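Residue-level listing of the chains:
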Amino acid sequence: MKLSKRERDILAGKRGKGAAKAMEILAALGRIHGARRMVAVDSVQVSGISYGNIGEHGLAFLEEWAGLRSRAVVAATMNPGGADRTLWKSLGYPPAYVRKQERVVAALEALGVKPTLTCTPYQIGFAPLFGRHVAWAESSAVCFANSVLGARTNREGGPSALAAALTGVTPEHTLHTDEGRLPTRIVEVKCAVTTGADAGALGYLIGRLVSEDAHGGVPYITGAVPPNGPERINWLKALGAGMAASGSVGLFHLEGVTPEAIADGARLSAAAKARSSIDSLLPAKKALFSGKGPIDVVVVGCPHASAEDLNRILSLLGERKAKIPFWIFTAEVIRKQSQVNGVSAALERRGASLLADTCMVVAPLAELGIRTVATDSAKASFYLPSHHQAKVYFGSLEENVEAAVRGKWR
Ligand code: F3S
């Protein structure tokens, strides 16, 4: 792999020890993946933020890197961590856990990573432009950036994303290249995909279909049409999050919808070597549904809710009030906006709580006494049983709002 003079200088330690280590990691990854060179990135999104996930080893790694005093040279943001930094006490988080979580955030801030603590940086001012290279780590955000925005990123791990932040480059391979973005399989959808939960269920099925294809699979999807209006982005977010969870999909093309499919659909679809069809979402809905007994909490906002999502939840609630805990996960920036425009107070009057900086999958659910949740997220429904042994009622946002208001699943 050929490094430029700047990259060789970084490797030689001329920009500090942290940047040198980072370049070492990136060069090694580039060699493994057959990259011929590095590409400059516009932004980085770092995952592995939850103390519950990374533990003592992860924290020690980050603090050691922070001690090397290198800093991000491009805009770098954090994925959700393990606690709401404002509400943790009232939610019953153990203080010792929160202290460790704060150390993770502090180490990353020392490295120049902004404490955005969201999986939807594209909703808070960090949306990459079409065709530009970025190095993002959160799987649902990678899928959204590549597919819906037409930016180019591989599915980075926490350390490789951090390395890209400290150097401003990433090895050019797979989804950064034209060839790596060619579809591996055409997926014909022959059933209605109406709600965001339906889109998540479809994503789950597609992820399983393409997971054996080259580089995690790149589906070219036909026959599925997102709704127009404010639900459209939520639908697209859910579709990508579902397939990123069940497969390792980092990019999908959706006929007539995603920018590369609009620009070059005929050439792209001709490149796919395999073809499958999906007649029903039922297998996904059955696989993702494990609900039983009383619901401890209704959780929505996976991926993190946008301002439009909050308005929609408010309108679904109407004048009704949630009988059981109803948590909506979002970015702190969006929570703050909603506090200014009154949406947060209106939701709270109806018994819903806005949680920021974290999400149900990376939170210590067992320590919070949560065993059974209801959600509209296929991604959360996929991970919660294996990560937290939680039981999950999976259904549309409407069904979840009804569950919150009635206190039980219909
Ligand atoms: Fe985001 Fe957590 Fe879901 S990181 S996509 S809210 S699992």
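Residues numbered from 1 in each chain as written. Predicted model: local features only at pLDDT ≥ 70, side-chain atom pairs only at ≥ 80, totals over all residues. Heavy atoms only, no water.

Chemist: Hey, could you go over the sheet that holds strand β3 (residues 75-78) for me, with residue numbers and the actual values?
Modeler: Taken in spatial order, the three strands of this open sheet run β3-β2-β4, and their pairing is parallel. Unpaired on one side and paired on the other, β3 and β4 (135-136) mark the two borders of the sheet. Here four bridges tie strand β2 (residues 43-46) to β3, and the two strands are oriented parallel to one another. Residue pairing in the sheet places valine 46 in a bridge with methionine 78 of β3. (Pairing = 2+ DSSP bridges. Helix = DSSP H or I, 4+ residues; strand = E, 2+ residues; numbered from the N terminus.)

Chemist: Tell me about the nonpolar core, and name the residues and values.
Modeler: Counting residues in hydrophobic clusters, the biggest one holds 64 residues, and the most contacted among them are Val44, Tyr93, Leu108, Trp327, Met360 and Leu384. Taken domain by domain, this core gets at least three of its residues from each of domain 1 (5-176) and domain 3 (289-406). If sequence neighbours within four positions are ignored, tyrosine 93 has contacts with Gly82, Ala83, Asp84, Trp88, Val98, Thr358, Ala363, Pro364 and Leu368. Core analysis: the second largest hydrophobic core is formed by 38 residues, Tyr122, Val134, Leu239 and Leu281 among them. (Core = buried A, V, L, I, M, F, W, Y, C linked by side-chain atoms within 4.5 Å. Buried < 20%, exposed > 50% of the residue type's maximum accessible area, 1.4 Å probe, protein only. Domains from an automatic or database assignment. Contact = heavy atoms within 4.5 Å.)

Chemist: So what's going on with the domain arrangement of the protein chain? Which residues, and what values?
Modeler: Once the domains are mapped, the protein chain shows domain 1 (5-176), domain 2 (181-285) and domain 3 (289-406). A C-alpha centroid distance of 27 Å is found between domain 1 and domain 2. Here domain 1 and domain 2 share an interface that buries about 1,500 Å² over both sides, 66% of which is from carbon and sulfur atoms. On the surface where domain 1 and domain 2 come into contact, there are eight residue pairs in polar contact (both at pLDDT 80 or more). (Buried area = accessible area lost by both parts, 1.4 Å probe. Polar contact = N/O pair within 3.5 Å; in protein donor to acceptor, adjacent residues only side chain to side chain.)

Chemist: An account of helix α5 (residues 95-110) is requested, with residue identities and associated values reported.
Modeler: An α-helical turn contains 3.6 residues, so a residue and the one three or four places further along point in the same direction. Along its 16 residues, α5 runs 22 Å from first to last C-alpha, staying within 8% of the 22 Å computed at 1.5 Å per residue. Three or more residues of α5 are buried, namely Tyr97, Val98, Gln101, Val104, Val105, Ala107 and Leu108. Structurally, α5 contributes buried residues whose contacts are with β2, α3 (51-67), β3, α4 (88-91) and α7 (158-167). Phi turns positive, to about 90°, at glycine 112, one or two residues after α5. (Expected span 1.5 Å × (residues − 1).)

Chemist: Got a sec to walk through the site of the ligand? Specific residues and values, please.
Modeler: Taken together, the neighbourhood of the ligand is formed by Pro80, Cys119, Glu138, Ser140, Gly301, Cys302, Pro303, Cys359, Val361 and Lys379. Counting residues per element, the shell around the ligand draws most heavily on strand β10 (residues 297-305), which supplies three residues. A per-class count over the shell around the ligand returns six nonpolar, two polar and two charged. Composition of the shell around the ligand by domain shows at least three residues from each of domain 1 (5-176) and domain 3 (289-406). (Near = heavy atom within 4 Å. Nonpolar A, V, L, I, M, F, W, Y, C, P; charged D, E, K, R; others polar.)

Chemist: Outline the side chain of aspartate 213, supporting the account with residue identities and numerical values.
Modeler: When you line up the elements, aspartate 213 lands in the loop between α8 (196-210) and β7 (219-222). Overall, the relative accessible area of 13% leaves aspartate 213 in the buried class. One polar contact links aspartate 213 to arginine 185, side chain to side chain, over a distance of 2.9 Å. Sequence-distant contacts of aspartate 213, defined by excluding residues within four places in its chain, comprise Thr184 and Arg185.

Chemist: Outline a positive patch on the surface, supporting the account with residue identities and numerical values.
Modeler: A cluster of basic residues, Lys323, Arg406, Lys408 and Arg410, forms a positive patch at the surface. For arginine 410, the location among the structural elements is in the segment after α16 (397-406). Residue classification places arginine 410 among the exposed positions, given a relative accessible area of 67%. (Patch = residues over 30% accessible without salt bridge, like charges linked within 9 Å, V, L, I, M, F, W, Y side chains within 5 Å. Areas by Shrake-Rupley, 256 points an atom, 1.4 Å probe, with all protein chains shown as cover. Salt bridge = Lys/Arg side-chain N within 4 Å of Asp/Glu carboxyl O. Lys, Arg positive; Asp, Glu negative; His and termini not counted. Charge placed at Lys NZ, Arg CZ, Asp CG, Glu CD.)

Chemist: Now, about the packing of helix α9 (residues 231-246) against helix α15 (residues 378-388): what can you tell me, with residues and values included?
Modeler: Between α9 and α15, the shortest axis-to-axis distance is 7 Å and the interhelical angle comes to 30°. Put simply, α9 runs roughly parallel to α15. Counted together, Ala241, Ala245 and Ser246 of α9 and Lys379, Phe382 and Tyr383 of α15 form the full contact between these two elements. For the contact of α9 with α15, the class distribution of residues is four nonpolar, one polar and one charged. (Axes fitted to C-alpha atoms, helices over the stretch in contact; angles between N-to-C directions. Parallel < 35°, antiparallel > 145°, perpendicular 65-115°, else oblique.)

Chemist: Could you give me a rundown of the side chain of glutamine 101, with the residues and numbers involved?
Modeler: By the secondary structure assignment, glutamine 101 is in helix α5. A polar side-chain atom of glutamine 101 sits 2.9 Å from the main-chain amide nitrogen of glycine 82.

Chemist: Mind laying out unusual backbone geometry, listing which residues take part and the relevant values?
Modeler: Omega for the peptide link from cysteine 302 to proline 303 comes to -5°, which places this bond in the cis form. Considering the arrangement of structural elements, one finds proline 303 in strand β10. One non-glycine residue with positive phi stands out, namely leucine 117, at about 50°. Considering the arrangement of structural elements, one finds leucine 117 in the loop between α5 and β4. Under the relative-accessibility criterion, leucine 117 is labelled buried at 1%. We note that aspartate 357 has phi near 75°; this positive angle belongs to a residue other than glycine. Along the chain, aspartate 357 turns up in the loop between β12 (352-356) and β13 (372-375).

Chemist: How would you explain the pairing of strand β11 (residues 326-330) if you had to name every residue and give the values?
Modeler: Within β11, five of the five residues are buried, which leaves the element mostly enclosed by the surrounding structure. Residue alternation in β11 divides its side chains into two sets, Phe326, Ile328 and Thr330 and Trp327 and Phe329, and both sets are buried. In this structure, β10 lies alongside β11, joined through four bridges in parallel fashion. Residue pairing across strands places valine 300 opposite isoleucine 328, the latter belonging to β11. Following the chain from β10 across helix α12 (residues 307-317) to the adjacent parallel β11, one finds a crossover that is right-handed. Direction of pairing for β11 relative to β12: parallel, over a ladder of five bridges. The partner of phenylalanine 326 across the bridge, within β12, is alanine 352. (Right-handed = clockwise from strand over helix to strand, strands pointing away.)

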